[in-house]
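Close look at the chain arrangement
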Amino acid sequence: MSEAKIIENLKEAIIELDEVKVVEAAKNLIDQGIDPLVAIEKGLSAGMTAIGDKFNIGECFLPELIRAGNTFNAGIKVLEPEIAKSGAKQSQTGVFVLGTVTGDVHKIGKEILAMLLKTRGFVVHDLGEDVSLSTFVSKAEELNADIIGMSALLTTTMPAQKEVIEFLKEKGIRDNFRVMIGGGPVNQKWADEIGADGYAETAEEAVRLAMKLMDTK
Amino acid sequence: MLNFYEVFYRFLEGPHISEMDYDLDFDQKLRDTVTKYGIKYDPQNPIPQDDQMADNVFAAGLEFYEKIGTYCIDTLRVATFTKREILEALAEAPSEPVFGTDKDAKKLIARPPESDLPPWFFIGAAGAAVTDERVLAAIVEGYGQVPYGNSITTPSITKINGRPIIAKTPLEVLGSIRTVEVSKAALRKAGRAGMPIMNAISTATSDAAKIAGSQFGLNPADGIMVGSMSELKMDFQRLNEVAYALHCGSNIVAESGPLLGGYCGGPEGLAVANVAYHLQSILVQRGTVHFTFPIHFKFSSNTSRNTLWSTSISNQGISRNSKFPLLTSGILASGPGTEMSFYENAARTITTCVSGGGILALGLAKNVQTDHLTPWDPKFSVEIALSTLGMKRQDANEIVKELLSKYESKIPEAPIGKRFQELFDMETLEPGNEYRELYYKMKDEMKTYGLKFAT
Ligand code: B12
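Everything quoted here is computed from the prediction, not taken from an experiment.

Rules behind the numbers
Each chain has its residues counted from 1, running along the sequence as written. Naming scheme: in the order in which they are written, chains are lettered from A and ligands are numbered from 1. Predicted model: local features are reported for residues with pLDDT of at least 70 only, side-chain atom pairs are reported and counted for 80 or more only, and whole-chain, interface and lining totals are derived from all residues. Water and hydrogen atoms play no part in the side-chain values, which are based on all heavy atoms of the structure. Put simply, buried Ala, Val, Leu, Ile, Met, Phe, Trp, Tyr and Cys residues joined by side-chain atoms within 4.5 Å make one nonpolar core. Each residue gets one of three labels from its accessible area relative to the maximum for its type: buried under 20%, exposed over 50%, partly exposed in between, using a 1.4 Å probe on protein chains only. As used throughout, domain bounds are those supplied by an automatic or database domain assignment. Two residues form a contact once any of their heavy atoms are found within 4.5 Å. When two parts are put together, the accessible area they lose, computed with a 1.4 Å probe and summed over both, is reported as buried area. Salt bridges are identified by distance alone: a Lys or Arg side-chain nitrogen within 4 Å of an Asp or Glu carboxyl oxygen. Think of a polar contact as two N or O atoms within 3.5 Å of one another; within protein, one of them needs to be a possible hydrogen donor and the other a possible acceptor, and neighboring residues in sequence only count if both atoms come from side chains. Secondary structure is summarised from DSSP: a helix means a run of H or I of at least four residues, a strand means a run of E of at least two, and numbering begins at the N terminus for each. Residues are grouped as follows: Ala, Val, Leu, Ile, Met, Phe, Trp, Tyr, Cys and Pro are nonpolar; Asp, Glu, Lys and Arg are charged; all remaining types, including Gly, are polar. A donor here means any N, O or S atom no more than 2.8 Å from the metal (3.2 Å for Na, K and Ca); water is not included, so a site may seem to lack partners. Think of it this way: DSSP has to see at least two bridges between two strands before they count as a pair. Seen with its strands pointing away from the viewer, a crossover is right-handed if its path from the first strand over the helix to the second goes clockwise. Patch membership is restricted to residues that have no salt bridge and whose relative accessible area is over 30%. Joining uses 9 Å for like charges and 5 Å for the nonpolar side chains Val, Leu, Ile, Met, Phe, Trp and Tyr. Only the protein chains shown count as cover for residues, with accessible areas throughout obtained via the Shrake-Rupley method and a probe of 1.4 Å. A pocket, in this scheme, is an open set of points on a 1 Å grid over the protein atoms alone with protein on both sides within 12 Å along at least 5 of 7 lines, while a cavity is a set where a 1.4 Å probe fits but cannot get out; residues line either one if an atom lies within 4 Å of a point. Grid points are joined across faces, edges and corners, and a volume is the space filled by probe spheres set on the points.

The next subject is the nonpolar core. Formed by 121 residues in total, the largest nonpolar core has its most connected members in B:Phe26 and B:Tyr65. Two domains each donate at least three residues to this core, and these are domain 1 (3-86) and domain 2 (94-214) of chain A. If near-sequence neighbours (up to four positions away) are discounted, B:Tyr65 is found in contact with B:Thr70, B:Phe81, B:Ile86, B:Leu232, B:Ala276, B:Leu279, B:Gln280, B:Leu283 and B:Val284. Counting residues in each nonpolar core, the second largest holds 69 residues, with B:Ile165, B:Leu308, B:Ala361 and B:Leu451 among its members.

Have a look at this one:
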C-alpha cells in the first residue's frame, strides 16, 4: 500500500470513528517504515480537524468527538514506541489544563471544549468538575501547562475563577500560564476585572482564542 | 413500586463502569433505540401530529431506560430496573398531587395533548440570578400577582450584605435561607400566602444549603426540587436531598435538563432521553411531578426549531402514556423588553401547551444575565397559553412556523434586552411605558395569527 493511502486510511479511521481500522493502519505504517510524525500530522491530526469542523457545522455531536478522541489515542498508542525510538518529538499545539471550578458540577460545556481543543492538537488534561483551587494550581504546575481553563456556570461560582488567578499571582507564577475563563454567566468584563487572559462565549471561539494565546507565549 | 432504599442499594451494589464508558453506552443505546423505533425529525413541522410516532417515542424511552439505567458518579455504579419495575412505578406514580396550602392549594394533574383544560402555570425564571434581596422581593411579589399562576420558582440572589455569595461557603447557606424567608414574605404581600414555591432554592448548590433553606418557611406542600445530572446521573448529594424530602413528606419536583447536541445527539435522541428522564424521575428522584427543560447546546435556550420539535413529540408521548404530571420550561435566547422575546415566548408556549403537560414560564436571555427577568413575561405566556386551549396541533403548528420565521435566524445573536430595574418601577411593580407599549403591541400582533384573548 502506498504511503499516501496509509495516511489517508488513518485520517478516514478517525472520521469513521473506527478503532480497529486505525490500529491496522498504524501497524501497516510501521511495517512500511513511514515516518510516524508525518503520519500523525497528515493522518490522525487531519482526521481530528475534520471531525472538529463537522461538529462546528452541526453535522455531529459530543459523542462523536469523544469517540474520535479515543480512536486518535488508539492510533497514537501503536505509534508511540516508534516515535520514542527515533527520538523525535511529537508536535503539539499546547498543554491545556481544564476544569469546572469548585462548587460547580456543570460538565458538558467544558467537555465539548476539551474535545474541540483535542481536535486542534492540544494535549488536554480535564480535571473534571468541582475542581478545587489547589488542584488547579498543582496540576498546572505538575503538567507544565501552557493554558489553564476554568469553566463556571453559576454566578456564585465565578468568584472561584478570580481566586485561582489571585493565588497564582501570590505564588509568583501567574506569568507561567495563560488563563482562560468561560461558562454561561461569565463575560469579557469579568475577565478584564479579574485579570484573565481571555474569555470566549462558545467552545469554538475558545479554541481560536487558545491558539492565539499560544502565539503570545 | 420499588422503595427508595432498594433503589439506593442498587447504586451501592450495581455493576461498576467508568463514567466515560457509561456516557458512550448511553449514546450507542440511544442511537440504536431511535433507529429501531424509526423516529425521525421533521423540520417542516415543529409540532408533529402523528400519534403513533408520539407513542413510539414513549415506548423507545421506556426500552432505553430499561437498558441504560441511572449512573451514580460517587460509586461509579449503574442502577438498572427491569421493565416490570419501571411499569409498576409508572402505574403507581403520583397522579394528582396537591401543591400549595389553604386557598392556594391545588391539584396538579397530567394534561393530554390538545387539552382544553388550562395547564399548570409554574411562574418564574428557573433559578436565574438577581442581584440581591431587594430585587428578589420585588420579582417574587410580581410573580405572585401573575393571573392564574399556580406556583413559583424563586430566582437566585447573588449578593448578601452587598458582597458576592460564594458557592459552598456559609454565605451560600445564609443566602439560601434568606431566599426562602424573603420569598415567602413577598408572596404574602401579593395575597398569595399559600402559593407553593416549587424550586430548589436556586442559590443553593449544595444539599446542605438547600436543606438549611427549607427549614425557614418551606412546608411539604411546597416542593423541593431535586435535579438529575446530565445525562441520567445522580450523586450522593442529590440522593441526600431525596432522602430528606421523603422523610419530611415533602413534594419533590424531579428536574431534568437533557441537552441537544450533547450525549443525546440530535432532536430524536433528545425526545427519547426526555422520556427516560420521566421514568427516572419517578423511580430514582421519587418525584411528585417531573419538571424538564430540554435545551440546545449552542444557544442555551429551547426555542430553536429542533428543540421545539423534540419537546413537542416527547411531551405528546409522555402525556398520552403517563398520568404522572409533567411540567416543561421555556428558556428564551433573547432578553426582556425585546420584540424577539415575545415571538420566542409565544412559539415556546404554544408548542408546550398543545403538546401536553404544564408550563414553566419563563427564562429569558438564556437565564444567564443577572436581573434579566420580569413578571410580565410569564404573564404573556399565561395569556398565550389560555388562547390555545383546545387548539389542534395542526393549527398550532402553522402559527409556530410563522413565529419561527420572525426569530429563528436571530437566535445565535439574540439581544439580551434590559434589566428588570430598567424596565419596571421597583416600588409599584408596574412596567414603564417602553415595556408596556411593546407588550400590548405584541399582544395585538398575536391576534393577527389567529390567537384569541379574553381582553
Ligand atoms: C444542564 C444544567 C444543569 C445540570 C448540569 C448537569 C451536568 N453535569 O452538566 C444540573 C441539573 C446538575 C444543574 C444543576 C444546577 N444548576 Co444548572 N443548568 C444547566 C443548563 C440548563 C445547561 C448547561 C449546559 O450544559 N449548557 C450547554 C453547554 C454546551 O453550554 P455551556 O456549559 O455554557 O458551555 C459553552 C460555553 O459556555 C463555553 N465554555 C464552557 N466552559 C468554558 C470554559 C472556558 C475556559 C471557555 C473559554 C469557554 C467555556 O463553551 C461551551 C460550548 O460552547 C444551564 C442553562 C444555561 N443557560 O446554560 C443551567 C444553569 C447554568 N444552572 C443554573 C442553576 C441555578 C443550577 C443549580 C444551582 C440549581 C439548583 N439549585 O440545584 C444547580 C447547581 C449544581 C452545581 N453545584 O453546580 C443556572 C445558573 C444561574 C446563574 N446565573 O447562576 C442556569 C443558568 C439555568 C437556570 N437558571 O437554572 N444544571
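Once you've had a look at it, read on.
Right, let's talk about the interface of chain A and chain B for a bit. Taken residue by residue, the interface counts 26 residues in chain A and 30 residues in chain B. Buried area between chain A and chain B, both sides added, is near 2,300 Å², and the carbon and sulfur share of it is 62%. The interface formed by chain A and chain B includes six salt bridges. Of the charged contacts, one joins A:Asp130 and B:Lys168 as a salt bridge, the two residues approaching to 2.8 Å between their closest N and O atoms. Taken together, the links from chain A to chain B amount to 10 residue pairs in polar contact (both at pLDDT 80 or more). For the side of chain A that touches chain B, the element with the most residues is helix α4 (residues 62-86) of chain A, which contributes six residues. Per-class residue counts for the side of chain A that touches chain B are 11 nonpolar, eight polar and seven charged.

This paragraph deals with the coordination of the cobalt atom of the ligand. The sole protein-derived ligand of the cobalt atom of the ligand is A:His106 (NE2), positioned 2.3 Å away. If you trace the backbone, A:His106 turns up in the loop between β1 (94-100) and α5 (108-119).

Right, let's get into the sheet that holds strand β12 (residues 233-234) of chain B. All names here are of chain B. Ordered by their spatial adjacency, three strands build an open sheet running β2-β1-β12, and the pairing between neighbours is mixed. Edge strands, defined here as strands with exactly one partner in the open sheet, are β2 (77-79) and β12. Sheet topology note: the strand β1 (residues 70-72)/β2 ladder contains three bridges and is antiparallel. What sits directly across from Cys 72, in β2, is Arg 77.

On to the pairing of strand β2 (residues 122-126) of chain A, then. All names here are of chain A. Sheet analysis places β1 next to β2, joined by five bridges and oriented parallel. Its bridge partner lying in β2, Leu 98 is registered against Asp 126. Handedness of the crossover joining β1 and β2 through α5 is recorded here as right-handed.

This paragraph deals with a nonpolar patch on the surface. All names here are of chain B. On the surface, Tyr 5, Tyr 9 and Leu 12 cluster together to form a nonpolar patch covering roughly 320 Å² of accessible area. Here Tyr 9 lies in helix α1 (residues 4-13). Taking the relative accessible area as the measure of exposure, Tyr 9 reaches 38% and is therefore partly exposed.

Our next topic: the pattern of salt bridges. Applying the stated criterion to the full structure yields 47 salt bridges over all chains. Between A:Glu16 and A:Lys21 there is a salt bridge whose closest N-O contact spans 3.1 Å. Salt bridges sharing common partners tie together B:Asp51, B:Asp55, B:Glu114, B:Arg320, B:Lys392 and B:Arg393.

Moving on to empty space enclosed by the protein. Which parts of space are left empty comes out when a probe the size of a water molecule is rolled across the atoms. All names here are of chain B. All chains considered together, the criterion is met by one cavity of 30 Å³ or more. By volume, the largest cavity amounts to about 30 Å³. Thr 328, Gly 330, Arg 348, Thr 349, Thr 352, Ile 359, Leu 360, Ala 361, Leu 362 and Ser 381 are the residues that line the largest cavity. Every element with two or more residues in the lining of the largest cavity is listed here: β17 (326-331), α11 (339-355) and β18 (358-363). Residues of the lining of the largest cavity, tallied by class, amount to four nonpolar, five polar and one charged.

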